[in-house]
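# Observations on the model geometry
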Amino acid sequence: MKVSGDGVVLCAESMSQDKTYFEVKICKGGEWAIGAARTNAHSAPGLGGEGASWCLTSGQITCFEGDIVGVAFDQAVVPTELRFTHNGEPLAEFTITGIRGEVYPAVFVAKGSELECEFDGENGFAYPPPSGFNGLMACRSLM
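Residues numbered from 1 in each chain as written. Predicted model: local features only at pLDDT ≥ 70, side-chain atom pairs only at ≥ 80, totals over all residues. Heavy atoms only, no water.

### Thoughts on the packing of aromatic side chains
To keep it simple, the criterion reads: Working definition: a ring pair exists when centres of Phe, Tyr or Trp rings (six-membered ring for Trp) sit within 6.5 Å. Plane angles under 30 degrees give stacked, over 60 give edge-to-face, the rest tilted. Where helices and strands are cited, they refer to DSSP runs of H or I of at least four residues and of E of at least two residues respectively, numbered from the N terminus. When a residue's accessible area, from a 1.4 Å probe over protein chains only, is under 20% of the maximum for its type it is buried; when over 50% it is exposed; and in between it is partly exposed.
Under the criterion given, the structure shown has two aromatic pairs. Ring centres of Tyr21 and Phe125 lie 5.0 Å apart, and the angle between their planes is 80°; this geometry places the pair in the edge-to-face category. Remark: Phe125 occurs in the loop between β11 (114-118) and β12 (134-135) and Tyr21 occurs in strand β3 (residues 19-28); sequence separation between them is 104 residues. Its relative accessible area of 21% is what places Phe125 among the partly exposed residues. When the ring of Phe22 is compared with that of Phe119, the centres are 5.4 Å apart and the planes differ by 50°; the resulting orientation is tilted. Within this pair, whereas Phe22 is found in strand β3, its partner Phe119 is found in the loop between β11 and β12, the two being separated by 97 residues in sequence. A residue is classified by how much of its surface remains accessible, and Phe119, at 12% relative accessible area, is buried.

See below:
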């Protein structure tokens, strides 16, 4: 899924599994943010708002067209961890801990940026997910 324009986009599926992984390709530079958010972050002017979204931004790392940002959300550890990779290399200094409640994969674009998201891995990930992690799975209800 390609994202461009100006604003916040949330995935339709929440990250309900224990270990979720997704990737975002930087297609065009500009201003961007990639991470996790609650549904109320959709109306915000960007990501990274206190208590509503958690992300890695274009202001924190240098990325070029074609670079891949990986996102691994681990709910099997306490506290939870949201970890990032850049072209398959861990960015440990940007790990975010303690996210609680229902969150969704989220991206923000502005100033001409264009991102391509791979949430479920159906089209293949550029880099292997960390051990035990899988692409986003659709939530199913059982009665």
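### Comments concerning unusual backbone geometry
Working note: non-glycine residues mostly have negative phi, and peptide bonds are mostly trans. In this structure, the amide linkage connecting Val78 to the following residue, Pro79, adopts the cis form with an omega of -5°. Its place among the elements puts Pro79 in the loop between β6 (68-74) and β7 (81-86). Phi is positive for Asn87, which is not a glycine, with a value near 50°. Note that Asn87 resides in the loop between β7 and β8 (89-90). Unlike most non-glycine residues, Lys111 shows phi in positive territory, near 55°. By secondary structure assignment, the location of Lys111 is in the loop between β10 (104-110) and β11. For Lys111, a relative accessible area of 67% gives the class exposed.

### Looking at the pairing of strand β5 (residues 53-57)
Side chains on a regular strand alternate between the two faces of the sheet. Defined as follows: Pairing between strands is defined by DSSP: at least two bridges between them are needed.
The element β5 is largely enclosed, with a buried count of four among its five residues. Pairing of strand β4 (residues 31-37) with β5 involves five bridges; the strand directions are antiparallel. Counted as the bridge partner of Ala33 is Thr57 from β5.

### Examining the pattern of salt bridges
Side-chain pairs of opposite charge can arise where the charged atoms are in close proximity. The line we're drawing: Any Lys or Arg side-chain nitrogen located within 4 Å of an Asp or Glu carboxyl oxygen qualifies as a salt bridge.
What the rule picks out here adds up to five salt bridges. Among the salt bridges present, the one from Glu114 reaches Lys2, with a minimum N-O distance of 3.4 Å. Residue Glu114 is found in strand β11, and its partner Lys2 is found in strand β1 (residues 2-4); the two are separated by 112 residues along the sequence. The class of Glu114 is buried, set by a relative accessible area of 17%. Since its relative accessible area comes to 53%, Lys2 is described here as exposed. For the salt bridge of Asp74 with Lys19, the shortest nitrogen-to-oxygen distance reads 3.0 Å. Of this pair, Asp74 sits in strand β6 while Lys19 sits in strand β3, and the two are 55 residues apart along the sequence. You can call Lys19 partly exposed: its relative accessible area is 24%. Linked through salt bridges whose partners overlap, the residues forming this network are Lys19, Asp74, Glu81 and Arg83.

### What about the sheet that holds β5?
The criterion, for reference: Convention adopted: a line fitted to C-alpha atoms gives each axis, helices being fitted over their contacting stretch, and angles between N-to-C directions are expressed from 0 to 180 degrees.
Read from one edge of the open sheet, four strands run β2-β10-β4-β5, paired in antiparallel fashion. With partners counted over all chains shown, the strands left at the sheet margins are β2 (7-10) and β5, one partner each. Adjacent strand axes in the sheet meet at a mean angle of 25° when their direction is disregarded. Sheet analysis places β4 next to β10, joined by seven bridges and oriented antiparallel. Its bridge partner lying in β10, Ala33 is registered against Phe108.

Remember that the coordinates give geometry; whether it matters functionally is a separate question.
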